[in-house]
Amino acid sequence: MLALACVSLASCHGPYSSDGERLARTYCAACHVFPEPQLLDKATWQTGVLPAMAPRLGVHTTSSFNEALHSPYMTVLTKAVSAEDWGKIVRYYREQSPDALPYQSLPAEPQLDPGFFKTGPFVPRLPSSGIITLLKTDTVHERIFVGEAGTNQLRIFDWNRHLLSTLTLPSPPTGVIVENEHVLLLESGILSPNDEPKGSLVRYDFPGHDSLHFDRVLIDSLFRPVFVESFDFDGDGRNEFVICEFGDNRGRLALYRSDGSHYRRQVLDPGPGAIRLEIQDMTGDGHADIVALFAQGDERIVLFENDGKGNFTGPGRVLARFPPVYGSMSFSLHDFNGDGKPYTQALPWRQDPGKRRQE
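Trainee: I'm lost on the overall build of the protein chain in this one. Help?
Mentor: For the protein chain, the count of helices and strands is 5 helices and 16 strands. When contacts within the protein chain are restricted to residue pairs at least 6 apart in sequence, long-range pairs at least 24 apart make up 42% of them. Carbon and sulfur atoms make up 53% of the accessible area of the protein chain, which totals about 19,800 Å².

Take a look at the structure:
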């Protein structure tokens, strides 16, 4: 499919300023939105982005950075770009990118540290690695969960930030679901970029009021999971789990449904980069859908429609797409026009299938 996309793009003619631009728009837009040279400065293109892109185009360089990025799971063009064409692409970005990015002026400047906020340490003199991977409030039981890398610790605080319990985990926690008698922790496995299925969703019990005790692993073999939500999509009274498995060169967005003894996996999207999701009825049919944000190259927001029986068939519908240099991290859904229909209006083709468009 990738090779066909490249051939198709190469056959299209346009007002290109140089062979370098033509080649860049052919190959760099085969897998994601074309990144304009003006998005980054020269140094970042030359020392960061281009060396990372080279192995994906089948280009071999002497850069140690290039070799370090090589992975058997990396998506690479079927037919490698020649050294001559690669040189033209590099020259295009070097010549067209700015020496430095211009100052970014916003239509409205945010007010920094307004009067009703007061900054200070969460807990004075609390030892910490400073790499916070989890922060979640439990409003029902008035607890705060804080997880961090480095120490792989999960700490539980009360509403007044008094430490109640500390638990050392096998790997940094990245997500938590609080139930009445249990806590479900998403454990990343290996937090740094990797393609190993070492992550898991683990259930812990409360033997005391706030202490945690390992119960069992619910789901294992996850690709560097970073976000989890639970919801009863099929209405059978049991929640399913949707997990963002960010991974690196491989990953997935997957739905996990219990059959009574274990969880069966349904892959919604087999690519890496899933980082956050929201569950809302986006089509106005009364059934909860999934909207997910993907980073890691092809940055996009994708809708996965629920058929009303908890099934999500076919590829998702792309609602928005961003250049791969943006580094998308999060998103949220809101009713901006206040019409009380915050989600159905985002998909007007539901009312008029003959006019498919995106807003």
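Trainee: Explanation requested: helix α3 (residues 42–53) in the structure shown.
Mentor: Each α-helix turn comprises 3.6 residues. Residues three or four places apart therefore point the same way. Burial in α3 covers these residues: W45, L50, P51 and M53. Viewed end-on, α3 has its buried residues packed into an arc of 150 degrees, placing them on one side of the element. Backbone nitrogen of A43 and a side-chain oxygen of the N-cap are separated by 3.1 Å at the start of α3; the cap is D41.

Trainee: Explain the environment of F157 to me, please; I cannot follow it from the model alone.
Mentor: Relative to the assigned elements, F157 resides in strand β3 (residues 153–158). Considered as a pair, F157 and E142 are 15 residues apart in the sequence and their alpha carbons are 8.7 Å apart. Setting aside chain neighbours within four positions, we find F157 in contact with F122, V123, L126, E142, R143, I144, V146, H162, L163 and L164.

Trainee: How should I be thinking about the pattern of salt bridges in this particular structure?
Mentor: Note on pairing: side chains with opposite charge can pair once their charged atoms come close. Tallying each qualifying case throughout the model produces 18 salt bridges. Between K88 and E84 there is a salt bridge whose closest N-O contact spans 3.8 Å. Linking K88 with E84, this pair stays in helix α5 (residues 83–96), spanning 4 residues, or about one helical turn. For E84, a relative accessible area of 57% translates into the label exposed. As a salt-bridge pair, D215 and R216 come within 3.9 Å of each other at their nearest N and O atoms. Judged by relative accessible area, which is 26%, D215 ranks as partly exposed. Through salt bridges that share partners, D19, R22, E84 and K88 make up one connected network.

Trainee: Explain the environment of A29 here, please?
Mentor: Mapped onto the secondary structure, A29 falls in the loop between α2 (19–27) and α3. For A29, a relative accessible area of 25% gives the class partly exposed. Counting along the chain gives 294 residues from A29 to P323, while the straight-line C-alpha distance between them is 9.7 Å.

Trainee: Sorry if this is basic, but what is going on with the packing of aromatic side chains here?
Mentor: In this description, an aromatic ring pair is defined by two values, namely the gap between the centres and the angle between the planes. All told, the structure shown has 8 aromatic pairs when counted by the stated rule. With centroids separated by 5.9 Å and ring planes inclined at 80 degrees, the aromatic side chains of Y204 and F214 adopt a geometry described as edge-to-face. Separated by 10 residues along the polypeptide, Y204 in strand β7 (residues 199–205) and F214 in strand β8 (residues 213–222) bring together distant segments of the chain. Ring plane angle 85 degrees and centroid distance 5.3 Å describe the contact between F233 and F312, whose orientation is recorded as edge-to-face. With F233 in the loop between β9 (225–231) and β10 (240–245) and F312 in the loop between β15 (299–304) and β16 (317–322), the pair connects residues that are 79 residues apart, well separated along the chain. Linked through ring pairs, W45, Y92 and Y93 together constitute an aromatic cluster. Over the face of the ring belonging to Y73 we find R250, whose NZ or CZ atom lies 3.9 Å from the ring centre. The cationic tip of R300 hangs over the ring face of F294; the distance from NZ or CZ to the ring centre is 4.2 Å.

Trainee: Would you mind showing me how to read the nonpolar core here?
Mentor: For soluble globular proteins, the rule of thumb is that nonpolar side chains tend to be buried together. Counting 18 residues, the largest nonpolar core has A24, L50, M53, L57, W86, I89 and Y93 as its most contacted members. For this core, the elements supplying multiple residues, two or more each, are α2, α3 and α5. Contact partners of Y93, with chain neighbours within four places excluded, come to A24, C28, F34, P35, E36, P37, W45 and L50. Of all hydrophobic cores here, the second largest spans 17 residues; its members include V242, C244, L268 and I290.

Trainee: Is there a simple way to explain the sheet that holds strand β12 (residues 263–269) in this structure?
Mentor: Backbone-to-backbone hydrogen bonds join strands into a sheet, with any given pair of strands oriented parallel or antiparallel. The antiparallel open sheet is built from 4 strands, whose spatial order is β9-β10-β11-β12. Only two strands of the sheet have a single partner each, and these edge strands are β9 and β12. Neighbour-to-neighbour, the strand axes of this sheet turn through a mean angle of 25 degrees, independent of strand direction. With 6 bridges connecting them, β9 and β10 associate as antiparallel partners. Each residue of the ladder has a partner; that of E229, found in β10, is V242.

Trainee: Even after reading the chapter, I still don't get the state of the cysteines, so can you show me in this structure?
Mentor: Formally, a disulfide is one covalent bond, and it connects the sulfur atom of one cysteine to the sulfur atom of another. If you walk through the whole model with that rule in mind, you get 0 disulfides. The thiol sulfur of C28 is not disulfide-bonded, and the nearest other cysteine sulfur, from C31, lies at 9.5 Å. Judged by its relative accessible area of 1%, C28 is buried.

The rules behind these values
- Residues numbered from 1 in each chain as written.
- Predicted model: local features only at pLDDT ≥ 70, side-chain atom pairs only at ≥ 80, totals over all residues.
- Heavy atoms only, no water.
- Helix = DSSP H or I, 4+ residues; strand = E, 2+ residues; numbered from the N terminus.
- Contact = heavy atoms within 4.5 Å.
- Areas by Shrake-Rupley, 256 points an atom, 1.4 Å probe, with all protein chains shown as cover.
- Buried < 20%, exposed > 50% of the residue type's maximum accessible area, 1.4 Å probe, protein only.
- Arc of directions from axis to C-beta.
- Polar contact = N/O pair within 3.5 Å; in protein donor to acceptor, adjacent residues only side chain to side chain.
- Salt bridge = Lys/Arg side-chain N within 4 Å of Asp/Glu carboxyl O.
- Phe/Tyr/Trp six-rings, centres within 6.5 Å; stacked < 30°, edge-to-face > 60°.
- Lys NZ or Arg CZ within 6 Å of the ring centre and 35° of its normal.
- Core = buried A, V, L, I, M, F, W, Y, C linked by side-chain atoms within 4.5 Å.
- Pairing = 2+ DSSP bridges.
- Axes fitted to C-alpha atoms, helices over the stretch in contact; angles between N-to-C directions.
- Disulfide = S-S within 2.5 Å.

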